[in-house]
Amino acid sequence: MKKILMSACIGAMLLCGCTASSTSSDVTRYETYYRAIEENTKFTETSEFYTVSAEMTQWDDGTYRYYVIFDEPKISMYDIVIMTVENGKPYEESVKMMPSSGIFDATSSMIPNQVNSKAGYVKGLIISGECDEEPIDLSLMVEWKDRSGKNATREFLSFELGMNGIIHENNDQPQEGSAG
């Protein structure tokens, strides 16, 4: 299984245009983040530090693509890493790369009311993935550092996403893309 995952990681790096600087340490980081999501027991649907929204579209071949958008930071967030695990799939059973940002590519930072993409300060981040079914359960980890780079914060989010947006547990009705 690890050979399959390693092949998938290499394939994803080539498809994504990642640089040759991606190494086995990136794969180790990927596994570490994956397992952190897998082992976490407390998730929320929203964050008090940024806005999360999501949408799903169906392609002509019957598959689905989903997009999870992180923006409108309420605090300064540096070196952001985001990862998603679909449908609670255990690491050992995963045959595809899960969507991520900041593991195989450069991290970005979000600062309230500031955008300078050349310097790595972005308005928001989007991760996307493909799946064969709708709705899909998404478990996410968002990690960032403070300005000093010494203190890291991790949040774990979870929600169900369908063609009409995020399906909230409290009313089981799809909401137009918004979770925060």
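A quick note: this is a predicted structure, and the numbers were derived from the prediction, not measured.

(A) Examining the overall build of the protein more closely. Broken down by element type, the protein carries two helices and ten strands. The order of helices and strands in the protein, counted from the N terminus, is α-α-β-β-β-β-β-β-β-β-β-β. Looking at the protein residue by residue over its 180 residues, the buried ones come to 42%. Within the protein, residue pairs in contact and separated by at least 24 positions form 66% of the contacts whose partners lie at least 6 positions apart.

(B) Representation of the nonpolar core. Counting 25 residues, the largest nonpolar core has Tyr50, Val68, Phe70, Val142, Phe159 and Leu161 as its most contacted members. Mapped onto this core, the elements with two or more residues apiece are strand E1 (51-58), strand E2 (64-71), strand E3 (77-86), strand E6 (124-131), strand E7 (136-145) and strand E8 (152-162). The element best represented in this core is E7, accounting for five residues.

(C) How the structure looks around the packing of aromatic side chains. What the rule picks out here adds up to eight aromatic pairs. Their ring planes at 85° and their centres at 6.1 Å tell us that phenylalanine 43 and phenylalanine 156 sit as a pair that is edge-to-face. You can see phenylalanine 43 sitting in the loop between helix H2 (24-39) and E1 and its partner phenylalanine 156 sitting in strand E8, a full 113 residues away along the chain. Judged by its relative accessible area of 29%, phenylalanine 43 is partly exposed. Arranged with centres 5.9 Å apart and planes meeting at 90°, the rings of tyrosine 50 and tryptophan 144 form a pair that is edge-to-face. Residue tyrosine 50 is found in the loop between H2 and E1, and its partner tryptophan 144 is found in strand E7; the two are separated by 94 residues along the sequence. A relative accessible area of 3% means that tryptophan 144 is categorised as buried.

(D) A look at the sheet that holds E1. Taken in spatial order, the three strands line up as E1-E2-E6 in an open sheet, and their pairing is antiparallel. In this open sheet, the two strands that pair with only one neighbour each are E1 and E6. Each strand of the sheet is rotated relative to its neighbour by a mean of 15°, with strand direction disregarded. Across eight bridges, E2 lies against E6 in antiparallel orientation.

(E) A look at the environment of aspartate 71. Within the element layout of this structure, aspartate 71 appears in strand E2. The buried category is assigned to aspartate 71, whose relative accessible area is 15%. Taking the C-alpha atoms as reference points, aspartate 71 and valine 122, 51 residues apart in sequence, are found 8.8 Å from one another.

(F) Up close: the confidence of the model for the protein. Mean pLDDT over the protein: 85, with 81% of residues reaching 70 or higher. Low pLDDT, under 50, characterises residues 1-20; the predicted model gives this stretch 17 contacts beyond four residues in sequence or across chains.

(G) Expanded view of the environment of asparagine 113. Here asparagine 113 shows up in the loop between strand E5 (108-110) and E6. It is 8.3 Å that separates the C-alpha atoms of asparagine 113 and proline 73, two residues lying 40 residues apart in sequence.

Cut-offs applied
- Residues numbered from 1 in each chain as written.
- Predicted model: local features only at pLDDT ≥ 70, side-chain atom pairs only at ≥ 80, totals over all residues.
- Heavy atoms only, no water.
- Helix = DSSP H or I, 4+ residues; strand = E, 2+ residues; numbered from the N terminus.
- Buried < 20%, exposed > 50% of the residue type's maximum accessible area, 1.4 Å probe, protein only.
- Contact = heavy atoms within 4.5 Å.
- Core = buried A, V, L, I, M, F, W, Y, C linked by side-chain atoms within 4.5 Å.
- Phe/Tyr/Trp six-rings, centres within 6.5 Å; stacked < 30°, edge-to-face > 60°.
- Pairing = 2+ DSSP bridges.
- Axes fitted to C-alpha atoms, helices over the stretch in contact; angles between N-to-C directions.
- pLDDT = per-residue confidence, 0-100.

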